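The residues making up each chain are set out below.
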Amino acid sequence: MDCIFCKIASGEIPAKIVYQDEKAVAFEDINPQAPVHILIVPRKHIPTVLEIEEGDGELLGHLFSVANRIASEREIAGRGFRLVMNCNREAGQTVFHIHLHLLGGRTMGWPPG
Ligand code: AMP
Ligand code: ZN
């Protein structure tokens, strides 16, 4: 399958991996939008949030748990951080394999752009 995040998860394409286990991989975003900008992706290929099924609940919970762990390690947990999952064109999704953006290390604006 021609999916860049599947290829990063399998090791076919290099990335700055910060965490991995049997269900998920986390790596530095190549174009960081904050001092901490890490992407947490499931190994399972799910193109957008629209393809998430009831049975994926545990996997999604795991993505949040990985994000929490990394936020603590990077010492942004107490200060605050943002988790974002974009869906389709108007939200700005460019890679069609779901990923949680972990953003932190600076004050975030609201509403988001
Ligand atoms: P989204 O716009 O939500 O689909 O986010 C895609 C993100 O993936 C963007 O923030 C990109 O900078 C990032 N990205 C794209 N290719 C790579 C790559 N090879 N390694 C790391 N991050 C990437
Ligand atoms: Zn994929």
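Residues numbered from 1 in each chain as written. Chains lettered and ligands numbered in written order. Predicted model: local features only at pLDDT ≥ 70, side-chain atom pairs only at ≥ 80, totals over all residues. Heavy atoms only, no water.

**Here we look at the coordination of the zinc ion (ligand 2)**
- Bound to the zinc ion (ligand 2) on the protein side are C3 (SG), C6 (SG), H45 (ND1) and H97 (ND1), at distances that span 2.0 to 2.3 Å.
- Angles of 106 to 116° at the metal separate the four donor atoms of the zinc ion (ligand 2), which places the site in the tetrahedral class.
- Each donor residue of the zinc ion (ligand 2) lies on the same chain, and together they follow the pattern C-x2-C-x38-H-x51-H. With a gap of 91 residues between them, C6 in helix α1 (residues 4-10) and H97 in the loop between α3 (88-91) and β5 (100-104) connect regions that are remote in the sequence.
- What makes C6 buried here is its relative accessible area of 19%. (Donors = N, O, S within 2.8 Å, 3.2 Å for Na, K, Ca; no water. Tetrahedral: all angles 85-135°; square planar, octahedral: opposite > 155°, others 65-115°. Helix = DSSP H or I, 4+ residues; strand = E, 2+ residues; numbered from the N terminus. Buried < 20%, exposed > 50% of the residue type's maximum accessible area, 1.4 Å probe, protein only.)

**Some remarks on the sheet that holds strand β1 (residues 17-20)**
- Pairing is antiparallel in the open sheet, where five strands are placed in the order β1-β2-β3-β5-β4. The strands lining the two open edges of the sheet, one partner per strand, are β1 and β4 (81-84). When the angles between neighbouring strand axes are averaged without regard to direction, this sheet yields 20°.
- Both strand β3 (residues 36-42) and β5 contribute to a ladder of five bridges, which runs antiparallel. (Pairing = 2+ DSSP bridges. Axes fitted to C-alpha atoms, helices over the stretch in contact; angles between N-to-C directions.)

**What about the side chain of H37?**
- With respect to the element layout, H37 can be found in strand β3.
- Of note is the side chain of H37, whose polar atom sits 3.0 Å from the backbone nitrogen of Q33.
- Among the polar contacts made by the side chain of H37, one reaches the side chain of H101 at a distance of 2.8 Å.
- Not counting residues within four places of it along the chain, the set of residues in contact with H37 comprises F27, E28, D29, N31, P32, H101, L102 and L103. (Polar contact = N/O pair within 3.5 Å; in protein donor to acceptor, adjacent residues only side chain to side chain. Contact = heavy atoms within 4.5 Å.)

**Quick look at helix α2 (residues 57-73)**
- Relative to the 24 Å expected for 17 residues at 1.5 Å per residue, α2 spans 25 Å between its end C-alpha atoms, a close match to the ideal helical length.
- Those residues of α2 lying buried are L59, L60, H62, L63, V66, A67, I70 and A71.
- Phi turns positive, to about 60°, at E75, one or two residues after α2. (Expected span 1.5 Å × (residues − 1).)

**Side note on the pairing of β5**
- Taking burial as the measure, the five residues of β5 include five buried ones, the bulk of the element.
- Side chains L100, L102 and G104 of β5 all project onto a buried face; the interleaved residues H101 and L103 project onto the opposite face, where all are buried too.
- The pairing of β4 with β5 spans four bridges and is classified as antiparallel. Of the residues in β5, the one forming a bridge with V84 is H101.

**As for the environment of A77**
- Tracing the backbone shows A77 in the loop between α2 and β4.
- A residue is classified by how much of its surface remains accessible, and A77, at 36% relative accessible area, is partly exposed.
- Separated by 28 residues in the primary sequence, A77 and G105 have C-alpha atoms spaced 9.7 Å apart.
- Every residue in contact with A77, bar those within four places of it in the chain, is listed here: A71 and S72.

Function cannot be inferred from these measures alone, as they are strictly geometric.
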